[in-house]
Amino acid sequence: MEYTVKALADLAGVTPRTLRWYDRQGLLKPLRTTEAGYRLYGPGEVDRLQDILFYRELGLELAAIRRILDDPAFDRQAALQSHLGELEARRRRLEGLILTVRKTIDETRGGSKMRDEEKFEAFKRNVVEANEAKYGCEIREKYGDETVDRANANILALTEEEYSQWKALGEEINTALARAVRDGADPAGAEGQRIAALHRRWLSYSWEAYTPQAHRGLGQLYTADPRFTAYYDGEVPGCAAFLRDAIAAYTGEQ
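Note that the structure is a prediction, hence the values are computed from the model and not measured. (Residues numbered from 1 in each chain as written. Predicted model: local features only at pLDDT ≥ 70, side-chain atom pairs only at ≥ 80, totals over all residues. Heavy atoms only, no water.)

1. Here's the deal with the overall build of the protein
Tallying secondary structure elements over the protein gives 12 helices and 3 strands in all. Expressed as a percentage of its 254 residues, the buried residues of the protein come to 37%. Of the contacts made within the protein by residues no fewer than 6 positions apart, 61% connect residues no fewer than 24 positions apart. When the accessible surface of the protein is summed, it comes to about 14600 Å², and 52% of that surface belongs to carbon and sulfur atoms. (Helix = DSSP H or I, 4+ residues; strand = E, 2+ residues; numbered from the N terminus. Buried < 20%, exposed > 50% of the residue type's maximum accessible area, 1.4 Å probe, protein only. Contact = heavy atoms within 4.5 Å. Areas by Shrake-Rupley, 256 points an atom, 1.4 Å probe, with all protein chains shown as cover.)

Given below as structure tokens:
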């Protein structure tokens, strides 16, 4: 079956303008165009649009989605399994937050008093589960189950203050990366090395032991895996590559 722009837009719950924009961006081309200039989409385009909307739901930018879908190694079945895992993890995270809110409401009404650890457990677990759903397979393959399990346990064991420091440090790194790339800074220069050192500090909250080799390997993964790249390049393209190169220079000095 073939769909016009309007028919496909209605089917997918998007606007015709969105489909035209996807066409101009090279993200979703029509199967063919009639002599009258009408775009027509076939089954393959319908499936690709579904994939696009799945990735948009996960927060990826259009450029990152196009790179993923156009990769000759793209495996739709594997991608769908990954989407399912992420959505199930989201459901678990929401259930944990709902339980925490209910306990907090009960406490404010004079019910059972929550331990301080309980007040933040759901937030920390959400971070762990979100990372596991997105990057777990790749990280476990690179570093092994035992290492990843220990890192997750370290995050869950953070105190309220440590957790806040860890999150703030991550935000500081992202802000500094965006500024450095905009300014055309050298990854091996003073600012690049400062960012790499901040990244090492950030890792120390979850890593039990630091090695330059492992740090450098993680930096390489930031550009090798499009999902990591999409995370760091979300605001300013080039941040993932800058961080990789900064880490490479930093670990070369160890």
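Back to the text.
2. Brief notes about the sheet that holds strand S3 (residues 39-41)
Pairing between the strands of a sheet is mediated by backbone hydrogen bonds and can be parallel or antiparallel. Overall, antiparallel pairing links the 3 strands, which are arranged S1-S3-S2 in an open sheet. Across the chains shown, the open sheet's two edge strands, defined by having one partner strand only, are strand S1 (3-4) and strand S2 (32-33). Relative to S3, S2 runs antiparallel, the two sharing 2 bridges. The partner of Thr-33 across the bridge, within S3, is Arg-39. (Pairing = 2+ DSSP bridges.)

3. Examining the pattern of salt bridges
As enumerated under the stated definition, the model contains 11 salt bridges in all. It is possible to trace a salt-bridge network through shared partners that takes in Glu-172, Arg-179, Glu-191 and Arg-194. (Salt bridge = Lys/Arg side-chain N within 4 Å of Asp/Glu carboxyl O.)

4. Comments concerning the nonpolar core
When a protein is soluble and globular, its nonpolar side chains tend to lie buried together. Leu-177, Ile-195, Tyr-222, Tyr-232 and Leu-243 are the most contacted members of the largest nonpolar core, which totals 30 residues. Mapped onto this core, the elements with two or more residues apiece are helix H8 (160-182), helix H9 (190-204), helix H10 (212-224), helix H11 (226-232) and helix H12 (239-251). Top element by residues in this core is H8. It accounts for 8 residues. Those residues within four positions of Leu-177 in sequence are excluded, and the remaining contacts are Ile-195, Tyr-232, Cys-239, Phe-242 and Leu-243. In this structure, Val-14, Leu-27, Tyr-41 and Leu-49 belong to the second largest nonpolar core, which totals 22 residues. (Core = buried A, V, L, I, M, F, W, Y, C linked by side-chain atoms within 4.5 Å.)

5. Observations concerning the environment of Ala-209
Tracing the chain through its elements places Ala-209 in the loop between H9 and H10. What makes Ala-209 exposed here is its relative accessible area of 58%. For the pair Ala-209 and Thr-147, spaced 62 residues apart in sequence, the C-alpha separation works out to 9.8 Å.

6. Re the packing of helix H3 (residues 43-57) against helix H4 (residues 62-70)
Two elements in contact, H3 and H4, have axes separated by 10 Å at closest approach and are oriented at 135°. In terms of orientation, H3 lies oblique with respect to H4. By crossing handedness, the relation of H3 to H4 is classed as right-handed. Listed contacts from H4 to Arg-48, Asp-51, Ile-52, Tyr-55 and Arg-56 of H3 are Leu-62, Ile-65, Ile-68, Leu-69 and Asp-70. (Axes fitted to C-alpha atoms, helices over the stretch in contact; angles between N-to-C directions. Parallel < 35°, antiparallel > 145°, perpendicular 65-115°, else oblique. Left-handed = near helix turned anticlockwise from the far one by under 90°.)

7. What to know about H9
An α-helical turn contains 3.6 residues, so a residue and the one three or four places further along point in the same direction. Compared with the 21 Å implied by 1.5 Å per residue over 15 residues, the 21 Å span of H9 between its first and last C-alpha is a close match. Those residues of H9 that sit buried are Gly-192, Gln-193, Ile-195, Ala-196, Leu-198, His-199 and Leu-203. Where H9 is buried, its residues touch H8, H10, H11 and H12. (Expected span 1.5 Å × (residues − 1).)

8. Section: the packing of aromatic side chains
Counting across every chain of the model gives 6 aromatic pairs. A centroid spacing of 6.2 Å and a plane angle of 45° characterise the contact between Tyr-163 and Trp-166, whose relative ring orientation is tilted. In this pair, Tyr-163 and Trp-166 both sit in helix H8, 3 residues apart, roughly one turn of the helix. Across this residue pair, the class does not change: Tyr-163 and Trp-166 are buried. Pairing Tyr-231 with Tyr-232 gives two aromatic rings, centres 4.9 Å apart and planes at 80°, and the pair type is edge-to-face. Owing to a relative accessible area of 10%, Tyr-232 belongs among the buried residues under this scheme. In this arrangement the basic side chain of Arg-200 is found over the ring face of Tyr-210, its NZ or CZ atom lying 3.8 Å from the centre. (Phe/Tyr/Trp six-rings, centres within 6.5 Å; stacked < 30°, edge-to-face > 60°. Lys NZ or Arg CZ within 6 Å of the ring centre and 35° of its normal.)

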